[in-house]
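Topology and contacts: notes
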Amino acid sequence: MGALRSLAVAQALAMAAAFAPRSPMFMSSPSTEAALVSSKLSQGRVAGVRIGSPDPERLLSFYGKLGMQASGQAVSFGPADGFACVSVAKGGEAQGDGLRAVVLCFPEIQAVAEAAEGAGGQVLAKTEEKKIGPSMIPDEDVEFSMNVTVGLVTDPDGNAVRLVQQNRKDGLFGVSLRVHNLEKAVEFYEGVLGMKTIRKRSNLPDEASISAFLAYGDADEGEEGAFVVELKYEYSEPEVNAGDVLQGIIITTTDVDGAVAAAKAYVENNAETAVSVSSEGGKGVIKDLDGYVIEIVDAESYVKEDA
């Protein structure tokens, strides 16, 4: 259990370090064959994630007791046109090993950790202040360090929820996903989905891993509330089993057809890629290199449906 708690704290630290008011962010350029789809989705927005649960109502209740607002089968910290959401659907029997955590920010997390435990969750790592070191992107001085307060709990289904003590416009910070090849995964999320790498750092010595953090918009928007996807490579780990707990990352755009067509062009230009693209019910469905599902939906329709 001690090793598990150490790993949990290291994972929480990695996401906590993703944003801080520091030097200007480095922005990578998409590959040539992916430039078209990047232009279609560079103005996109991660509207949230869909989580599978054997008991959706219990999971919605859990998040509600942490302070999130329920709307139908989803919870968030505000309205759909400005805040990301966690929607919950039936499923989650095949947990896999890819989704590392849903990450939430609160001004004070000790009470939240206690609420999580009272709502059927479990505390994996107690709330404590930790020191983190410099990032590779942006390139920070080797002497740089900062303190963050973090904790880790599980939801009633056993999925990890990281708690970060931080004032933020949208308390739903993002998700942490394990990937098998970090460089290829980053290229996909930048080139195909049009996201930007806003931070990259080693998690040594606390954890043998490297994390890249991606989001839409400028760095300042990310700090204020844009949804962040952490892609994490863990040394010596096998290929990812995505499972069905994370049923989809939902991205909104004003040009679904154009984004789908461009994503298909990427697949055609990369014959050996594991990426697949399809259209169903007026939305695009992309499966990435590690088996995670990304849904591309119309921005206006999405806001109306969730209003």
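Just above, that's the structure.
Bear in mind the structure is a predicted one, so any value in this text is a computation, not a measurement.

Each value, and the rule that gives it
Residues numbered from 1 in each chain as written. Predicted model: local features only at pLDDT ≥ 70, side-chain atom pairs only at ≥ 80, totals over all residues. Heavy atoms only, no water. Salt bridge = Lys/Arg side-chain N within 4 Å of Asp/Glu carboxyl O. Helix = DSSP H or I, 4+ residues; strand = E, 2+ residues; numbered from the N terminus. Buried < 20%, exposed > 50% of the residue type's maximum accessible area, 1.4 Å probe, protein only. Pairing = 2+ DSSP bridges. Axes fitted to C-alpha atoms, helices over the stretch in contact; angles between N-to-C directions. Contact = heavy atoms within 4.5 Å. Expected span 1.5 Å × (residues − 1). Polar contact = N/O pair within 3.5 Å; in protein donor to acceptor, adjacent residues only side chain to side chain.

On inspection of all chains with the given rule, the structure shows 10 salt bridges. In this structure, the salt-bridge partner of aspartate 97 is arginine 178, at a minimum N-O distance of 3.1 Å. A residue pair is termed long-range when its members are at least 10 positions apart, and aspartate 97 in the loop between strand E4 (85-90) and strand E5 (99-106) and arginine 178 in strand E9 (residues 172-179) qualify at 81 residues. In this structure aspartate 97 comes out as partly exposed when scored by relative accessible area, which is 26%. Since its relative accessible area comes to 1%, arginine 178 is described here as buried. Lysine 232 is paired through a salt bridge with glutamate 207; the nearest N and O atoms lie 3.4 Å apart. In this pair, lysine 232 sits in strand E12 (residues 228-234) while glutamate 207 sits in the loop between strand E10 (196-202) and strand E11 (209-215), placing the two residues 25 residues apart along the sequence. Glutamate 207 carries the same exposure label as lysine 232, and that label is buried. One salt-bridge network, held together by shared partners, links Arg50, Lys283 and Glu295.

So, about the sheet that holds strand E13 (residues 246-253). The eight strands lie next to each other as E2-E3-E4-E1-E13-E16-E15-E14, forming an open sheet whose pairing is mixed. Edge strands, defined here as strands with exactly one partner in the open sheet, are strand E2 (69-71) and strand E14 (276-280). Each adjacent strand pair in this sheet contributes to an overall mean axis angle of 25°, direction not counted. Relative to strand E3 (residues 74-76), E2 runs antiparallel, the two being bridged by three bridges. Residue serine 71 lies in a different strand from E3, and its bridge partner there is alanine 74. Strands in contact with helix H7 (residues 256-269) are E13, E14, strand E15 (283-287) and strand E16 (293-298); relative to E14, the strand with the most contacts, it is inclined by about 155°.

The next point concerns H7. End to end, H7 covers 20 Å across 14 residues, agreeing with the expected 20 Å (1.5 Å per residue, within 8%). Of the positions making up H7, those classed as buried are Val256, Gly258, Ala259, Val260, Ala262, Ala263 and Tyr266. At the N-terminal boundary of H7, the capping side chain belongs to aspartate 255, with an oxygen 2.8 Å from the backbone nitrogen of glycine 258.

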